[in-house]
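So you can see what is in the structure, the chains are spelled out below.
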2 protein chains.
Amino acid sequence: MTPHLAILGPGLLGGSLAMACKSRGGGRVSVWARREEAVAEVRDRGCADVASTDVRKVVADADVVVFATPIGAMPSLAREIVEYVKPTALVTDVGSVKAPVVRELAPLFAGRAEFIGSHPMAGSEQTGLGAARADLFEGAVTIVTPEAGTPAARTARVRAFWEGVGCTVRQVGPEEHDLMVGWVSHLPHLLAATLINTVEASDPEAFEFCGPGFRDATRIASGPPSMWTEILGENRLAVHQALDGLIENLRAVSTLLASAPNEERDALMNQLLTEAKGRRDRLRLPNVLSDA
Amino acid sequence: MTPHLAILGPGLLGGSLAMACKSRGGGRVSVWARREEAVAEVRDRGCADVASTDVRKVVADADVVVFATPIGAMPSLAREIVEYVKPTALVTDVGSVKAPVVRELAPLFAGRAEFIGSHPMAGSEQTGLGAARADLFEGAVTIVTPEAGTPAARTARVRAFWEGVGCTVRQVGPEEHDLMVGWVSHLPHLLAATLINTVEASDPEAFEFCGPGFRDATRIASGPPSMWTEILGENRLAVHQALDGLIENLRAVSTLLASAPNEERDALMNQLLTEAKGRRDRLRLPNVLSDA
């Protein structure tokens, strides 16, 4: 485990990371928060050895530094600490979009510390330290995003760090990461939100008739709007392209529904649903072992 | 509880209903299945007093008859039994689309038995007697769909029947039912299936990067294709209209994503996500008590 871990931002992910390290018998954990009340909350919960609003003090002696703030807050925070981190420190982040983060942070830390991006796919629609759990990362997938020039030893180091808190680690470049999570995370979020808003505007009484299917299909729409506004803004090109591809296919489905019922129509619909079921059934999600 | 319940079709819903009645100390349960192997399976599981391929024998003495077959099989089965059910028998069904079922079955049973449509919103993406559970209906919503001329006593009777197996009952006309489940059940199913198919065709590697959000948002796509082809075909007008409304709103979201990032764009996106979150957070689903 890590000798000294510094976590910047005590939200759901930062707080859970602190708790995971303490509960797994890791080394020292220091947490930075912008507000004194957040520092007090970290202290009250006893999930860190040091909690402070002084970010330079928090990172000064750290072997691993993890940015767990909103993406937009990372560059200025990085500029604030860059002269104070140890040159041997591993520096990473937990942002859901990687290319913009890596583009900003990698040059700042070049030659000054070992930066590489991470995206732990853990969490839920809940937020804040109150929702943090020591086992949040157990079995979750973390994607690490080395660039072309990232030394293999640094990638191995960040992989070992996330494996140390129970994650399964995958590896892909920052741009490719953003395209892929655009499909399986950002687009589904927009879809769920737009579905709810469309029902609300069209037939709000229908909400009285929803069952477990609707509940699951829309759970992600309960996520924090400000965080998702930032994610969708940062990854807008990939999400826009994915959304347009989806709209095109939905239009084809609409045409199919509008055609008169006959055997060919039913055969096409059945094929569409069978392909989707086959793919969904083949999904094996390591972070949900009970998933059939 | 019901003195004698006849269930036509021992699938997930029919089987669970038989088990629920037996486990709650209900009266006699008879089950009809088309195939001898299905009859044998019902006997092996001991969830009925009588299991037979002879539908006339199964319904002859029943106080309540429940159609739990695919919708398409109901009219011919109804014609087969209509002269054999007791005139005092309550006859209902579990079909997910109500107007076409009521349109076919209500005239057949008029003056011969007490027909009224039902739609228990229970079940999952699993199917068949093997997935049946005695507690499937506990806390689930069942929608009963009286027509304008349905006697109030009959509606009360079917409500009491579903409440007897643990359901919360709601009541609405068949056409209105179909519009509303078009929004909260059929449209989300099509969306989940089309999302999966679009990702498969565009960037299948992205499936390697999906987390619990994608899993939940697409779970319903694992449902049985033949059943869903039938549902979507029967309710195609409502689903088509709902889908076109959704596509229109998705196009507006696409335009928003394509516009240059600025404060107004972020404010609109944040508003969209905040409205969706507010509505999703307000959903209280009686069949999932742990749902926050």
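Quick note: structure is the one above.
Let us look at the structure shown here. Worth saying up front: this structure is predicted, and the values here are computed from it rather than measured.

### Some thoughts on the overall build of chain A
Helix and strand counts for chain A stand at eleven helices and nine strands. Viewed in the frame of its principal axes, chain A has a C-alpha envelope of about 70 × 40 × 35 Å. For chain A, contacts bridging at least 24 residues in sequence account for 71% of all contacts bridging at least 6. Within the structure as shown, chain A displays about 11,400 Å² of accessible surface, and the carbon and sulfur contribution to it stands at 49%.

### Here we look at the relation of the copies chain A and chain B
When chain A is fitted to chain B, the best match, at an RMSD of 0.0 Å, comes from turning it 180 degrees and sliding it 0.0 Å along the axis. Those values place the two copies in the arrangement expected of a two-fold rotation axis. Among all C-alpha atoms of chain A, that of Ala217 of chain A lies closest to the rotation axis, at 1.9 Å. Looking at the interface residues of chain A, 100% of them are also at the interface in chain B, so both copies use one shared face.

### What to know about the sheet that holds strand E5 (residues 90–93) of chain A
Residue and element names in this part refer to chain A. The sheet built from six strands is open, its strands ordered E3-E2-E1-E4-E5-E6 with parallel pairing. Edge positions in the open sheet fall to strand E3 (50–52) and strand E6 (114–115), since each of these has one partner strand only. Where strand E1 (residues 4–8) and strand E2 (residues 28–32) come together, five bridges link them in parallel fashion. Bridge pairing links Ala6 to Ser30 in E2.

### Some thoughts on the sheet that holds strand E7 (residues 117–120) of chain B
Residues and elements named next belong to chain B. The three strands lie next to each other as E7-E8-E9, forming an open sheet whose pairing is mixed. Each edge of the sheet is formed by a strand with only one pairing partner; in this case those strands are E7 and strand E9 (168–171). Neighbouring strand axes in the sheet, compared pairwise and without regard to direction, differ in orientation by 25 degrees on average. Bridge count between strand E8 (residues 141–145) and E9: four bridges; the pairing is parallel. Residue pairing across strands places Val141 opposite Thr168, the latter belonging to E9. Along the sheet face, helix H7 (residues 174–202) touches E7 and E8 and points at about 140 degrees away from the line of E8.

### Description of the packing of helix H4 (residues 74–81) of chain A against helix H5 (residues 99–109) of chain A
Residues and elements named next belong to chain A. Between H4 and H5, the shortest axis-to-axis distance is 10 Å and the interhelical angle comes to 5 degrees. Of the possible angle classes, the one that applies to H4 and H5 is roughly parallel. Contacts between H4 and H5 involve Met74, Pro75, Ala78, Arg79 and Ile81 on the former and, on the latter, Val101, Glu104, Leu105, Leu108 and Phe109. Along the lines of polarity and charge, the residues of the contact of H4 with H5 split into eight nonpolar, no polar and two charged.

### Observations regarding the interface of chain A and chain B
Between chain A and chain B, the contact holds 86 residues from the first and 86 residues from the second. Across the chain A to chain B interface the summed buried area is about 8,200 Å²; carbon plus sulfur atoms make up 68%. Interface area lost by chain A to chain B is led by Trp183, Phe209 and Leu257 of chain A, which between them contribute 9%. At the boundary of chain A and chain B, one finds four salt bridges. Two residues, Arg219 of chain A and Asp216 of chain B, come together in a salt bridge whose shortest N-O distance is 2.7 Å.

### Comments concerning the packing of aromatic side chains
Residue and element names in this part refer to chain A. All chains considered together, the criterion is met by ten aromatic pairs over all chains. Taking 6.2 Å as the distance between ring centres and 15 degrees as the angle between the ring planes, the aromatic pair formed by Phe109 and Phe115 counts as stacked. For the pair formed by Phe109 and Phe115, the shared burial category is buried. Their ring planes at 50 degrees and their centres at 5.7 Å tell us that Phe137 and Trp162 sit as a pair that is tilted. Of this pair, Phe137 sits in the loop between strand E7 (117–120) and strand E8 (141–145) while Trp162 is found in helix H6 (residues 152–164), placing the two residues 25 residues apart along the sequence.

### Here we look at H7 of chain B
Each full turn of the α-helix corresponds to 3.6 residues, which orients residues three or four apart in the same direction. An ideal rise of 1.5 Å per residue puts 42 Å on 29 residues; H7 of chain B measures up with 39 Å between its terminal C-alpha atoms. At Gly182 of chain B, H7 of chain B is bent by approximately 55 degrees, the largest bend along its length.

### Quick word on the environment of Lys277 of chain A
Structurally, Lys277 of chain A is set in helix H11 (residues 263–282). On the basis of relative accessible area, Lys277 of chain A is assigned to the partly exposed category, the value being 23%.

### Observations concerning helix H6 (residues 152–164) of chain B
All names here are of chain B. End to end, H6 covers 18 Å across 13 residues, agreeing with the expected 18 Å (1.5 Å per residue, within 8%). Of the positions making up H6, those classed as buried are Arg154, Thr155, Val158, Phe161, Trp162 and Gly164. Once H6 ends, the next one or two residues include Gly166, with phi positive near 100 degrees.

### Comments concerning the pattern of salt bridges
In total, this model carries 30 salt bridges over all chains according to the counting rule given. Note that Asp216 of chain A is salt-bridged to Arg215 of chain A, the shortest N-O span being 2.9 Å. Per residue, the accessibility class of Asp216 of chain A equals that of Arg215 of chain A, and both read buried. Of the charged contacts in the structure, one is a salt bridge between Asp135 of chain B and Arg133 of chain B, with a shortest N-O distance of 2.8 Å.

### Considerations on the environment of Asp266 of chain A
Residue and element names in this part refer to chain A. Tracing the chain through its elements places Asp266 in helix H11. Asp266 sits 229 residues away from Glu37 along the chain, and the two C-alpha atoms are 60 Å apart. A polar contact is formed between the side chain of Asp266 and the side chain of Arg265, at a distance of 3.4 Å.

### Observations regarding the pairing of E1 of chain A
All names here are of chain A. For E1, a buried count of five out of five residues is recorded, marking the element as mostly surrounded by other parts of the structure. Alternating residues of E1 divide into His4, Ala6 and Leu8 and Leu5 and Ile7, and every residue in both groups is buried. The parallel pair E1 and E2, bridged by helix H1 (residues 12–23), forms a crossover whose chirality is right-handed. As paired strands, E1 and strand E4 (residues 64–67) are joined by four bridges and run parallel to one another. What sits directly across from Ile7, in E4, is Val66.

### A word on the packing of helix H9 (residues 225–234) of chain A against helix H11 (residues 263–282) of chain B
Where H9 of chain A contacts H11 of chain B, the axes come no closer than 9 Å and their chain directions differ by 135 degrees. When the interaxial angle is binned, H9 of chain A and H11 of chain B end up oblique. Every pair of crossing elements has a handedness; the one defined by H9 of chain A and H11 of chain B is right-handed. Of the residues in H11 of chain B, those touching H9 of chain A at Pro225, Ser226, Trp228, Thr229, Leu232 and Gly233 of chain A are Arg265, Asp266, Met269, Asn270, Leu273, Thr274 and Lys277 of chain B. Here the residues of the contact of H9 of chain A with H11 of chain B sort into five nonpolar, five polar and three charged.

Quick notes on the rules
- Residues numbered from 1 in each chain as written.
- Chains lettered and ligands numbered in written order.
- Predicted model: local features only at pLDDT ≥ 70, side-chain atom pairs only at ≥ 80, totals over all residues.
- Heavy atoms only, no water.
- Helix = DSSP H or I, 4+ residues; strand = E, 2+ residues; numbered from the N terminus.
- Contact = heavy atoms within 4.5 Å.
- Areas by Shrake-Rupley, 256 points an atom, 1.4 Å probe, with all protein chains shown as cover.
- Least-squares fit on C-alpha atoms with pLDDT ≥ 70 in both.
- Pairing = 2+ DSSP bridges.
- Axes fitted to C-alpha atoms, helices over the stretch in contact; angles between N-to-C directions.
- Parallel < 35°, antiparallel > 145°, perpendicular 65-115°, else oblique.
- Nonpolar A, V, L, I, M, F, W, Y, C, P; charged D, E, K, R; others polar.
- Buried area = accessible area lost by both parts, 1.4 Å probe.
- Salt bridge = Lys/Arg side-chain N within 4 Å of Asp/Glu carboxyl O.
- Phe/Tyr/Trp six-rings, centres within 6.5 Å; stacked < 30°, edge-to-face > 60°.
- Buried < 20%, exposed > 50% of the residue type's maximum accessible area, 1.4 Å probe, protein only.
- Expected span 1.5 Å × (residues − 1).
- Bend = angle between axes of the 7 residues up to and from the residue.
- Polar contact = N/O pair within 3.5 Å; in protein donor to acceptor, adjacent residues only side chain to side chain.
- Right-handed = clockwise from strand over helix to strand, strands pointing away.
- Left-handed = near helix turned anticlockwise from the far one by under 90°.

This is a description of form; function is not addressed.
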